[in-house]
Amino acid sequence: ANSAIDTDKVGSGAINTGKIALGAVNTANVAGGITLTTPNLVGVIDASNASAGSVGEVASATLGGAQTPGASTTVVAIATMSLTAGDWDIFGTVAFLAGATTAASQIYGGISTSNSSLDTFSAGNAAVISQTFAASVENSFSVGSRRVSISATTTYYLVASMTYPTLGGASWVAGESFMRARRMR
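Not measured: the values here are computed from a predicted model.

Trainee: In this structure, what is going on with the overall build of the chain? I would like to understand it.
Mentor: A count of helices and strands for the chain gives zero helices and 11 strands. Shown N-terminal to C-terminal, the secondary structure of the chain runs as helices and strands in the order β-β-β-β-β-β-β-β-β-β-β. Expressed as a percentage of its 185 residues, the buried residues of the chain come to 35%. Of the contacts made within the chain by residues no fewer than 6 positions apart, 74% connect residues no fewer than 24 positions apart.

See below:
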């Protein structure tokens, strides 16, 4: 297989003069404006992470300290993340601790561009748990994945709300309530 491109044989048409081993090509300029710069097409086997701006890049945010839910049904941000331009999949987990006298009946969570509500595109990634929650027990659930394609840095929030007549010491759990995003392209 050819390990380099013979520029004398490359025009504006297709390359058909042999095989190109992309792993051996660092930068190749081809007539017609095509540029291959260290293609990242092969998975890694050295446990390294994708660099910023590369497909596979991961961003994450975690609730730093226990946070008391707002008034019943009030939506609050429990994690915040700014993503740079690109195509991202965002997902998250909401974790909460029912207090000794909590009488919560519903917990709601999702990914939003608003820190105090679910935006109109959140419907597909929101999750709701409706049940009686046992006192002093930690509960968690994942919210669905949200795909975003953005052209500028945009802030996203993991938001949650709790419906209750008696809060009774409930809290969003630090370190276990989190959101994560992976650059898809």
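Trainee: Quick question: what am I supposed to make of the pattern of salt bridges here?
Mentor: Opposite charge on two side chains lets them pair, provided their charged atoms get close. Per the counting criterion, the structure on display carries three salt bridges. The partner of Arg183 in a salt bridge is Glu57, and the shortest N-O contact between them spans 2.9 Å. Of the two residues, Arg183 is situated in strand 11 (residues 178-183) and Glu57 in the loop between strand 2 (34-37) and strand 3 (58-62); the sequence distance between them amounts to 126 residues. For Asp87, the salt bridge is made with Arg147, and the minimal N-O distance between the two is 2.8 Å. Taken together, the residues Asp87 in strand 5 (residues 86-97) and Arg147 in strand 8 (residues 138-150) connect sequence positions 60 residues apart. According to the relative accessible area criterion, Asp87 is buried, its value standing at 5%. Counted as one network, the salt bridges with shared partners bring together Asp87, Arg147 and Arg185.

Trainee: Is there a simple way to explain the confidence of the model for the chain in this structure?
Mentor: Caution is warranted with low-pLDDT regions, since their predicted coordinates should not be read in detail. For the chain, per-residue confidence averages 80 on the pLDDT scale, and 75% of positions sit at 70 or higher. For the stretch residues 5-26, pLDDT sits under 50, and the model shows 29 contacts to residues farther than four places along the chain or on other chains.

Trainee: What is the right way to read the pairing of strand 9 (residues 154-163) from this model?
Mentor: On a regular strand, one side chain projects to one face of the sheet and the next to the other, so that they alternate. For strand 9, a buried count of seven out of 10 residues is recorded, marking the element as mostly surrounded by other parts of the structure. Taken together, the seven bridges between strand 6 (residues 106-112) and strand 9 define a ladder with antiparallel strand orientation. Directly across from Ile111, in strand 9, lies its bridge partner Leu158.

Definitions and limits used
- Residues numbered from 1 in each chain as written.
- Predicted model: local features only at pLDDT ≥ 70, side-chain atom pairs only at ≥ 80, totals over all residues.
- Heavy atoms only, no water.
- Helix = DSSP H or I, 4+ residues; strand = E, 2+ residues; numbered from the N terminus.
- Buried < 20%, exposed > 50% of the residue type's maximum accessible area, 1.4 Å probe, protein only.
- Contact = heavy atoms within 4.5 Å.
- Salt bridge = Lys/Arg side-chain N within 4 Å of Asp/Glu carboxyl O.
- pLDDT = per-residue confidence, 0-100.
- Pairing = 2+ DSSP bridges.

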